[in-house]
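As a plain string of letters, each chain reads:
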Amino acid sequence: MTDLDSEVLPLPPRYRFRDLLLGDQSFQSDDRVQVEFYVNENTFKERLKLFFIKNQRSSLRIRLFNFSLKLLTCLLYIVRVLLDDPNQGIGWAPILWVERKMALWAIQVIVAMISFLETMLLMYLSYKGNIWEQIFQVSFVLEMINTLPFIITIFWPPLRNLFIPVFLNCWLAKHALENMINDFHRAILRTQSAMFNQVLILFCTLLCLVFTGTCGIQHLERSGGNLSLLTSFYFCIVTFSTVGYGDVTPKIWPSQLLVVIMICVALVVLPLQFEELVYLWMERQKSGGNYSRHRAQTEKHVVLCVSSLKIDLLMDFLNEFYAHPRLQDYYVVILCPTEMDVQVRRVLQIPLWSQRVIYLQGSALKDQDLMRAKMDNGEACFILSSRNEVDRTAADHQTILRAWAVKDFAPNCPLYVQILKPENKFHVKFADHVVCEEECKYALLALNCICPATSTLITLLVHTSRGQEGQESPEQWQRMYGRCSGNEVYHIRMGDSKFFREYEGKSFTYAAFHAHKKYGVCLIGLKREDHKSILLNPGPRHILAASDTCFYINITKEENSAFIFKQEEKQRRQGCSGQGLYEGPSRLPVHSIIASVGTVAMDLQNTECRPPQSRGDSKLALPTENGSGSRRPSIAPVLELADSSALLPCDLLSDQSEDETAQSDDEGLSVVEYVKGYPPNSPYIGSSPTLCHLLPVKAPFCCLRLDKGCKHNSYEDAKAYGFKNKLIIVSAETAGNGLYNFIVPLRAYYRSRKELNPIVLLLDNKPDHHFLEAICCFPMVYYMEGSVDNLDSLLQCGIIYADNLVVVDKESTMSAEEDYMADAKTIVNVQTMFRLFPSLSITTELTHPSNMRFMQFRAKDSYSLALSKLEKRERENGSNLAFMFRLPFAAGRVFSISMLDTLLYQSFVKDYMITITRLLLGLDTTPGSGYLCAMKISEDDLWIHTYGRLFQKLCSSSAEIPIGIYRTECHVFTTSESQISVNMEDCEDTREVKGPWAAQAGGGGSAHGRHLGGSDQTDPPLLRHKSLQWARKLSRRGPKQAGKAAAAAEWMGQQRLSLYQRSERQELSELVKNRMKHLGLPTTGYDEMNDQQNTLSYVLINPPPDTRLEPNDIVYLIRSDPLAHVAGSSQARKSSYSHKLASCNPETRDETQL
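Given the structure is predicted, the values throughout are model-derived calculations rather than measurements.

**Q** So, the nonpolar core: which residues are in play, and what are the values?
**A** Core analysis: the largest hydrophobic core is formed by 206 residues, its most contacted members being Phe321, Phe382, Tyr481, Phe500, Phe742 and Phe778. It is helix H19 (residues 437-450) that contributes the most residues to this core, nine residues altogether. Other than its neighbours up to four places away in sequence, Phe321 contacts Val302, Leu327, Tyr330, Val332, Phe382 and Phe908. Among the nonpolar cores identified, the runner-up in size contains 27 residues, and Tyr291, Val303, Ala373 and Val417 belong to it.

**Q** Tell me about H19, and please be specific about residues and values.
**A** The first and last C-alpha atoms of H19 sit 21 Å apart over 14 residues, in line with the 20 Å expected at 1.5 Å per residue. Counted residue by residue, H19 has 14 buried out of 14 residues, so it is predominantly covered.

**Q** Which residues make up helix H35 (residues 947-957), and what values do they have?
**A** Two residues of an α-helix separated by three or four positions point the same way, owing to the 3.6 residues in each turn. With respect to burial, H35 is a largely interior element, eleven of its eleven residues being buried. Directly after H35, the chain includes Ala959, whose backbone phi takes a positive value near 55°.

**Q** Quick one: what's the story with the pattern of salt bridges, residue by residue and with numbers?
**A** According to the stated counting rule, one finds 23 salt bridges in the structure shown. Between Glu785 and Arg705 there is a salt bridge whose closest N-O contact spans 3.7 Å. Of this pair, Glu785 sits in strand E15 (residues 781-785) while Arg705 sits in the loop between strand E12 (692-694) and helix H26 (718-721); the two residues are 80 residues apart in sequence, bridging distant segments of the chain. A residue is classified by how much of its surface remains accessible, and Arg705, at 14% relative accessible area, is buried. In the salt-bridge network here, residues are joined through shared partners; they are Arg392, Lys421, Glu437 and Glu438.

**Q** Quick one: what's the story with the sheet that holds strand E13 (residues 727-732), residue by residue and with numbers?
**A** One open sheet accounts for six strands, arranged E15-E14-E13-E16-E17-E18; its pairing is parallel. Lying at the two open borders of the sheet, with one neighbouring strand each, are E15 and strand E18 (894-896). With strand direction ignored, the average angle separating the axes of adjacent strands in the sheet is 20°. Relative to E15, strand E14 (residues 759-763) runs parallel, the two being bridged by five bridges. Bridged to Val760 within E15 is Tyr782. Its contacts with the sheet place helix H30 (residues 824-836) against strand E16 (802-807) and strand E17 (841-846), and it is angled at close to 175° to E17.

**Q** With reference to specific residues and values, describe the environment of Ala176.
**A** Its location among the elements puts Ala176 in helix H9 (residues 169-188). Distance in space between the C-alpha atoms of Ala176 and Ile62 is 9.8 Å, their sequence separation being 114 residues. The contacts of Ala176, once residues within four sequence positions are left out, are Arg63, Asn66 and Phe67.

**Q** Could you give an account of the packing of helix H6 (residues 102-125) against helix H8 (residues 138-155), naming the residues involved and the relevant values?
**A** Where H6 contacts H8, the axes come no closer than 8 Å and their chain directions differ by 130°. In terms of their interaxial angle, H6 and H8 are classed as oblique. Crossing handedness for the pair H6 and H8: left-handed. Of the residues in H8, those touching H6 at Trp105, Gln108, Val109, Ala112, Met113, Ser115, Phe116, Thr119, Met120 and Met123 are Phe140, Glu143, Met144, Asn146, Thr147, Leu148, Phe150, Ile151, Thr153 and Ile154.

**Q** So what's going on with the sheet that holds strand E19 (residues 931-936)? Which residues, and what values?
**A** Strand order across the open sheet formed by four strands is E19-E22-E20-E21, with antiparallel pairing between neighbours. Two strands bound the open sheet, and with one partner strand each, they are E19 and strand E21 (1095-1101). Across the sheet, the mean angle from the axis of one strand to that of its neighbour is 25°, orientation sign disregarded. One ladder, built from six bridges, connects E19 with strand E22 (residues 1114-1119); its direction is antiparallel. Across the sheet, Lys936 pairs through a bridge with Ile1114, a residue of E22.

**Q** With reference to specific residues and values, describe the pairing of strand E2 (residues 331-336).
**A** Among the six residues of E2, six are classified as buried, and the element is accordingly described as predominantly covered. Of the two faces of E2, the one lined by Tyr331, Val333 and Leu335 and the one lined by Val332, Ile334 and Cys336 are each fully buried. Note that strand E1 (residues 301-305) and E2 share five bridges and pair parallel. Bridged to His301 within E2 is Tyr331.

**Q** Describe in detail the packing of helix H3 (residues 44-54) against H6, supporting the description with residues and values.
**A** The interhelical angle for the contact between H3 and H6, taken along N-to-C directions, is 115°, at an axis separation of 10 Å. The two elements H3 and H6 meet at a crossing, and its hand is left-handed. Every residue of H6 that contacts H3 at Lys45, Leu48, Lys49, Phe52 and Ile53 is listed here: Leu121, Leu122, Tyr124 and Leu125. Of the residues that constitute the contact of H3 with H6, the class distribution is seven nonpolar, no polar and two charged.

**Q** Describe in detail the state of the cysteines, supporting the description with residues and values.
**A** Counted under the stated rule, the structure contains zero disulfides. In this model Cys777 remains outside any disulfide bridge; the closest cysteine sulfur is found in Cys776, 5.7 Å from its own. Note on Cys955: no disulfide assigned, nearest cysteine sulfur contributed by Cys522 at a separation of 8.5 Å.

**Q** Help me get a handle on the side chain of Ser958, residues and values and all.
**A** Along the chain, Ser958 turns up in the loop between H35 and strand E20 (961-970). According to the relative accessible area criterion, Ser958 is buried, its value standing at 2%. Within the structure, the side chain of Ser958 is placed 3.0 Å from the side chain of Glu960, a separation counted as a polar contact.

**Q** Describe the packing of aromatic side chains, naming the residues involved and giving the relevant values.
**A** One pass over the full model with this rule turns up 35 aromatic pairs. Relative to Tyr322, the ring of Phe321 lies with its centre 5.3 Å away and its plane at 90°, an arrangement referred to as edge-to-face. The pair Phe321 / Tyr322 is uniform in exposure class, with both members buried. Between the aromatic rings of Phe321 and Phe382, the centroid separation amounts to 6.5 Å while the plane-to-plane angle is 85°, which identifies the pairing as edge-to-face. In this pair, Phe321 is assigned in helix H14 (residues 311-321) and Phe382 in strand E4 (residues 380-383), connecting sequence segments 61 residues apart. This pair shows no difference in class: Phe321 is buried, exactly as Phe382 is. Here a set of aromatic residues connected by ring pairs shows up, and it is made of Phe317, Phe321, Tyr322, Tyr330, Trp353, Phe382, Tyr416, Tyr905 and Phe908. Across the ring face of Trp105, the terminal group of Arg160 is positioned such that the distance to the ring centre comes to 4.3 Å. Cation over ring: Arg356 sits above Tyr322, and NZ or CZ is 4.0 Å from the ring centre.

About the cut-offs
Residues numbered from 1 in each chain as written. Predicted model: local features only at pLDDT ≥ 70, side-chain atom pairs only at ≥ 80, totals over all residues. Heavy atoms only, no water. Core = buried A, V, L, I, M, F, W, Y, C linked by side-chain atoms within 4.5 Å. Buried < 20%, exposed > 50% of the residue type's maximum accessible area, 1.4 Å probe, protein only. Helix = DSSP H or I, 4+ residues; strand = E, 2+ residues; numbered from the N terminus. Contact = heavy atoms within 4.5 Å. Expected span 1.5 Å × (residues − 1). Salt bridge = Lys/Arg side-chain N within 4 Å of Asp/Glu carboxyl O. Pairing = 2+ DSSP bridges. Axes fitted to C-alpha atoms, helices over the stretch in contact; angles between N-to-C directions. Parallel < 35°, antiparallel > 145°, perpendicular 65-115°, else oblique. Left-handed = near helix turned anticlockwise from the far one by under 90°. Nonpolar A, V, L, I, M, F, W, Y, C, P; charged D, E, K, R; others polar. Disulfide = S-S within 2.5 Å. Polar contact = N/O pair within 3.5 Å; in protein donor to acceptor, adjacent residues only side chain to side chain. Phe/Tyr/Trp six-rings, centres within 6.5 Å; stacked < 30°, edge-to-face > 60°. Lys NZ or Arg CZ within 6 Å of the ring centre and 35° of its normal.

Keep in mind that these numbers describe shape and distance, not what the molecule does.
Rendered as structure tokens:
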């Protein structure tokens, strides 16, 4: 080590830090030469040019001095005129000679000399080889006219009173002002508005014209009318404004000639200035100008970045954004690279939006445009994709670049990004909130197959509504449906909540039931203070703490609620005297009367005031079984704390062979062994891992093809596979990565194996290798090449064995010459399938929500016309959900992804909405969080009577939280003449079979037949009602057929009548059977399916507790996570599940029994 230190040489003296600070004399003897580099030539002329012209700051000072000097000369001229003697006589002498004081002359001479020297210096510095070009410049000529005569008077005193038109310096002052503004912009490196510059130039031009005319006419009239300066100014204003009173007129020809010249100059100069001003104004209207920095610092604003702005997108954003009270003072700045659309311009001119919405034409990739929008001061930036583009990948690439540009320019601005394809989502992972369109779309469509109308449920939850829609309608279902649509998801800290703070230390299910019974709110989830994840229905073992954040569904948030307990106290004083509490049809109740109802339902056997055992009052009594006197078990109370021995939620992992054994016993077929695990191959980066039912060994790609056999199996159609459950068919153009999210929710681990439906992908284009690699691990997933508009393809993929058909909007049809025609092909194809297979549940995705009125279109249906009028009325009332009363939307048969745009907008106020929506859709699986499912109410379950009692039953038995009801009611639609003639044969066939139902409906039906009456009816609730018009048609035609006399005539008449009465249903049936025979498919599976057009369905979100349950109601449930409660042996589980709700799929044979 010592040797190494000795080898290091000390630093030379000139490199020591002390010498660098204090200096060293050794530098003087150094041989180095210091070289100076100049940006400009180091000559005297270049230095002067740098100071007077090139340097912005010094040049600005020089021009400001020059401008002040010109204004001083004009002021001195006015002083000379005021001191002049007006009585000079008549002739040319008063025009050529004026009276000028010595002091005034001296000042003017000094100013003239300074101006002359400055002009000559600038001329020398700007000389570029052509002296004549500089001499004949207008500014140089004016400068010489106003300065040289004063310099000459120094050497020739008699010329001191010579008239010199100094007032022409106003034009030089205008020129200096323009140059000064340009130098000012260069000095501060900031561009001022071109509109401001042009207005300033126009104002200066007008001022110079008026000043020149005033001074010229006043001087020339010294030999005529002796006008004062003020009178001349008045004359010029009257003349230039084209008023021309005529009280002041020039008297001599020189002044008259000057007026003519000034008018001609004004007619030439002013139109040019105005044209430039109008052009700039039009360009500014197109580009939108700038967002004021002062306003950005004092007011709050958000920026909306889009590639093209359509009126529907704009109105959805504005209506949803400004629906929240605390956002009323926000400004919305729209940054769009295209010119403003005519419809958008018309909307933004409405006073409601013109004061709050600012449109800027520009690109988010340019810092100048981001600066115009004051992005760095924005509260948020919404970046939306153009979903109408044919190339959706290219649209995503543009969105990604916009997000990167905004993040680079304003890193502290919160980003809300909408992406189209899931494989591009990880590029914008840094954004605060991201919504992937295809992920949400396919997950919604998948849940629609097992939980009907999930798309409508989610759409209503993410839209802001006051719940006032349809309240003036005479239809009861519209009033209840509109009222319940106002429910939204809110949050509150439990310790600050009046709803939930009394349940601190209690179980989650106990708090959910009692909060619903007492306040009518539905507690769906919570978030721990020390945990970032939101848990939906964490189960009864979760104990609430004061620091928990509760998420609940209600009409309005708790902060906007008023608590009135008078009605509840009144009901408690009445005790059991209210026997008619459950009588009458379902209505919108008062939540405060439910407390006593829950007690009666729970402890009915211990009360003394039992309802009489008559037919009309037997609804509260527990029904008997098999005619015996034994009661069914009553509804158990919801425990404050979970009892593991009494409550054992479903564990789908413990008994994997139970379903298999049951299937093999019932069906006599061997079932393939399934395993539970995570899919090994994800098609894109960023997909949430979900535990699913998987095949033990991946299926070969050849086995995934439904319509072609291979060496592993010889099946060539859906019938040969022998599926025990109905098929789910998905029609899509391409097998995109988003289609993977359709399969995962249907194969999630919490779905029972008996409920797994085969999935058939009907694709226009052949899927690629990567997609097949991702889906080959899932059981009963197949694909087939074909189109939804081809009947042969539909029959080969097994549509007659399917319960659900999902038609996904094709990318190639999203862009059309006329915007709203993008859905034309899809709508017509779906209408054709609806006529061919009327019992099939078809879910259709549309590009434009306004086109949903064409789904299941009836041209002469008066009820559809009434719904159309209702929609228009609700839109006029300012509703954000005017389309909600359209029957296809209410029934969940139609869906548009643009309806979920509000999910991104709502996340600005509710940052948890995206997370909760993804949990409900099954896109994210948080450990301990529940999932969405559904159960069906059968005839045997009607002893529960009300939704509030069902809530208690579910909470106490299986720890499930109901959040809504999907209700289907019978409805008689007005039928046109063509429909009567087509379906007359069906009426004759069903008249005798359905006689009792017709008598019952005729005796107790309403005017529109919209409700089924009481819940204790035993007849099928969805049978078809026949209107009076049908009966009149039959009565008119019956005697005509019976009145045939001759045998030949009777035979001919019967043949004609049989052809005439041949229904459209039969023709379509024969068409389908003929195609099946041609394809070699068995026709036994195709039955004469009943037309279900005489029913209407709708969703009730968080209905009131006393809402009556009806047959075929489907209840939406949030079931707790089975993996969070794995405990005990399988035998104990099986014994404890004897009273549990069995199934959540309404389409399977094993319906839920309560």
